[in-house]
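Residue-level structure breakdown
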Amino acid sequence: MADPFENVDAASAQMIEIIATGLETRAEDPSMLPVIDAYLEMLGVRDGGLIVDIGSGTGGVTRRIADRFPAASVVGLEPSDALTTKAKDLAGDRPNLSFDVGDGAALDLEMGCADVAILHTVLSHVKTPETLIAEAVRILRRGGTLVICDADFSKATMGVVPGDPLGSCADAFVSGAVTDAWLTGKLKPLINETGLSVEHFSVMNRVVTSGMGAMTWVRMSGARLVAEGIIGQPLADALEAEYIRRADAGLLFSFLPFVTLIAKKP
Ligand SMILES: C[S@@+](CC[C@H](N)C(=O)[O-])C[C@H]1O[C@@H](n2cnc3c(N)ncnc32)[C@H](O)[C@@H]1O
């Protein structure tokens, strides 16, 4: 089955809404912010520099980047019209932030124009990550920085015992909404191919034990399985209710490692 993130605009209106809500929830989730802030802290960006967030979705991460570097210009490029419209609506009046529709495989930007290019949980959702990496490298100036932050979905879990129904939601999310669950282990060889030098490679675990930060796995899996006629709506509703019950009772456990790679263009 196709990963809906490969072509968000082709998904149902219900699925686009689940995706948009999920991206916004994740971008603000206390379990996600340390992962984002850890790489932003490692970036030195000159005043007037250009930061390009490729595959910016609804712009939650892009807004955080813009707030962190007020003297830089931050551009979010995203192939989905629907998500770009939401990103523009949510951008507020930040003077250094803009969004546009754009495909990471063919960016409408000049060679060498960017100080920083960021791919935040994008490459695990595309069939040819090397194409997007090559394009990011093309737009970077000499000495520019590439940041790739992505999830190791091969290790994702929400189960607390074998056969846990919420564990099945995580499994269904990975099999139905991730293109390459093993992408992060391939990142170093992919970057070595480009001639960039890897300066940083680290893993941080995102563990959700409260709140709605991992509900997207349940909602997206439920909506897909209902649409495919595999389960009925009552079971999808029951899985959401079970998520809320565990969150309210302090019993929720969702685990996902995030890899961050930072590389310099010579
Ligand atoms: C999981 S979302 C991450 C969105 C955003 N970076 C964030 O973290 O909130 C994956 C994003 O990759 C985008 N995407 C898919 N194919 C792409 C491509 N060829 N170029 C750029 N972005 C792409 C999707 O539209 C989606 O917005």
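Just so it is clear, the model here is predicted, and its values are computed rather than measured. (Residues numbered from 1 in each chain as written. Predicted model: local features only at pLDDT ≥ 70, side-chain atom pairs only at ≥ 80, totals over all residues. Heavy atoms only, no water.)

**With respect to the pattern of salt bridges**
- Evaluation of the coordinates by the stated rule reveals 16 salt bridges.
- For the salt bridge of Glu-24 with Arg-63, the shortest nitrogen-to-oxygen distance reads 2.5 Å. Taken as a pair, Glu-24 in helix α1 (residues 13–28) and Arg-63 in helix α3 (residues 60–68) lie far apart in primary sequence, 39 residues in all.
- We classify Glu-24 as buried; its relative accessible area is 15%.
- Since its relative accessible area comes to 10%, Arg-63 is described here as buried.
- The residue Arg-224 makes a salt bridge to Glu-228 at a minimum N-O spacing of 3.2 Å.
- For Arg-224, a relative accessible area of 13% gives the class buried.
- One salt-bridge network, held together by shared partners, links Asp-164, Glu-242, Arg-245 and Arg-246. (Salt bridge = Lys/Arg side-chain N within 4 Å of Asp/Glu carboxyl O. Helix = DSSP H or I, 4+ residues; strand = E, 2+ residues; numbered from the N terminus. Buried < 20%, exposed > 50% of the residue type's maximum accessible area, 1.4 Å probe, protein only.)

**Notes on the side chain of Ser-31**
- Of note, Ser-31 is situated in the loop between α1 and α2 (33–41).
- Judged by relative accessible area, which is 14%, Ser-31 ranks as buried.
- Within the local environment of Ser-31, its side chain forms a polar contact with the side chain of Arg-206, the two groups lying 2.8 Å apart.
- Those residues in contact with Ser-31 that lie beyond four places of it in its chain are Arg-206, Val-207 and Val-208. (Polar contact = N/O pair within 3.5 Å; in protein donor to acceptor, adjacent residues only side chain to side chain. Contact = heavy atoms within 4.5 Å.)

**Some points on the packing of aromatic side chains**
- Under the definition given, this model contains three aromatic pairs.
- Seen from their ring centres, Phe-153 and Phe-173 are 6.0 Å apart, and the 45 degrees between their planes marks the pair as tilted. Remark: Phe-173 occurs in helix α6 (residues 165–177) and Phe-153 occurs in the loop between β5 (140–151) and α6; sequence separation between them is 20 residues. Per residue, the accessibility class of Phe-153 equals that of Phe-173, and both read buried. (Phe/Tyr/Trp six-rings, centres within 6.5 Å; stacked < 30°, edge-to-face > 60°.)

**Brief notes about the nonpolar core**
- Judged by nonpolar contacts, the single largest core of 58 residues is most densely connected at Tyr-39, Ile-51, Met-158 and Tyr-243.
- Per element, the largest residue contribution to this core is seven residues, and it comes from α1.
- Not counting the four nearest positions on each side in its chain, Tyr-243 is found in contact with Met-158, Leu-166, Val-208, Gly-211, Met-212, Gly-213, Ala-214, Met-215, Val-218 and Leu-252.
- Membership of the second largest hydrophobic core comes to 28 residues, among which are Val-75, Leu-123, Leu-146 and Ile-191. (Core = buried A, V, L, I, M, F, W, Y, C linked by side-chain atoms within 4.5 Å.)

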